Amino acid sequence: MPFNKKLNLILFNLRGEIIMRKKIIAGNWKMNKTPKEAVELINTLKGSIDTDNVEVVVCPSIVCLSAVVEATKGTNIGVGAQNMHFEANGAFTGETSASMLAELGVKYVVLGHSERRQYFAETDVTVNQKTIKALEAGLVPIVCVGETLEDREQNVTIELVSLQTKIALKDVSAEDAKKVVIAYEPVWAIGTGKTATSEQAEEVCKAIREVLADVYGQETADVIRIQYGGSVNGANANELFNMGNIDGGLVGGASLTEGFADIVNYK
């Protein structure tokens, strides 16, 4: 049963105990925006988004992080990176460690996005390594999982996404798992204009929560937030985010303009 935006901050488990799951909406800017353009967008969003009931995150490119951290000071807009390395330091040209991000003022980091997997040989194992390092540094990992169109047509979506989730959280304690955000992004819906129906998205997000319950127990699974990502926009955000197991979204192209406010302020 869908929940009203303001009411879904408080849910109840089968024992009647209160569960807190605040919606989290993150904008993944990918390789877009110069530092100047990034600050301009932040300044526009400051006066147009409602952060009282929703956790809002923007994830600019690495060259914009310092400027965006500075621009968001005094607001409830969090800043995330789009990637990080799983080692603390070393001869890894072009890479950035979790501790570097944390010292910069970054609070979140996107891990295992399908584009990282497709173009940069990211694997379930490296996503797991990065997740552990991010947690050690006090960052909130936004761990991406999702299937291709071929996977969906072969009816292996649930099995594949379940495996990705389990491997990503290998050796992560229940307490740390509660800090992780899982982002379900069907690869076939990213940047294509195609969006999973609310029922399709809910089915997979519910399955992810069931996997989390198998690994950690229902109590832990009930507090872990699961986002949907894949051509989310102001028109479909309300229906998607009001499903029972969808706790917000990881937004791509639609987060690059002031229209991102329409998604954050969904009703």
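Residues numbered from 1 in each chain as written. Predicted model: local features only at pLDDT ≥ 70, side-chain atom pairs only at ≥ 80, totals over all residues. Heavy atoms only, no water.

Visitor: Help me understand the layout of surface pockets in this model?
Guide: Here the idea is plain: a probe the size of a water molecule rolls over the atoms and shows the empty space left. The calculated volume of the largest pocket comes to roughly 610 Å³. Residue lining of the largest pocket: 22 residues in total, with Lys30, Gln82, Asn83, Arg116 and Phe120 positioned closest to the centre. At 4 residues, helix α4 (residues 114-120) tops the list of elements feeding residues into the lining of the largest pocket. Among the residues making up the lining of the largest pocket, the classes are represented as 10 nonpolar, 8 polar and 4 charged. (1 Å grid on protein atoms, 1.4 Å probe; cavity = no way out; pocket = protein on both sides within 12 Å on 5 of 7 lines; lining within 4 Å. Points joined across faces, edges and corners; volume = space filled by probe spheres on them. Helix = DSSP H or I, 4+ residues; strand = E, 2+ residues; numbered from the N terminus. Nonpolar A, V, L, I, M, F, W, Y, C, P; charged D, E, K, R; others polar.)

Visitor: Would you take a moment to explain the pairing of strand β10 (residues 248-251) for this structure?
Guide: Residues in a regular strand project their side chains so that they alternate between the two faces of the sheet. Burial along β10 is two-sided: Gly248 and Leu250 facing one way and Gly249 and Val251 facing the other are all buried. Here 4 bridges tie strand β3 (residues 23-28) to β10, and the two strands are oriented parallel to one another. Considered in β10, the bridge of alanine 26 is made with leucine 250. (Buried < 20%, exposed > 50% of the residue type's maximum accessible area, 1.4 Å probe, protein only. Pairing = 2+ DSSP bridges.)

Visitor: Any chance you could explain the nonpolar core here in plain terms?
Guide: Note on soluble globular proteins: their nonpolar side chains tend to be buried together. Counting residues in each nonpolar core, the largest one holds 65 residues, and the members touching the most others are Ile25, Ile182, Ile208, Tyr228, Phe241 and Phe260. Top element by residues in this core is helix α9 (residues 198-216). It accounts for 7 residues. Aside from chain neighbours lying at most four places away, what touches phenylalanine 260 is Ile25, Ala26, Gly27, Leu45, Val56, Val57, Val58, Val251, Ala254 and Ser255. Ranked by size, the runner-up nonpolar core spans 12 residues in total, among them Cys59, Val140, Ile142 and Leu250. (Core = buried A, V, L, I, M, F, W, Y, C linked by side-chain atoms within 4.5 Å. Contact = heavy atoms within 4.5 Å.)

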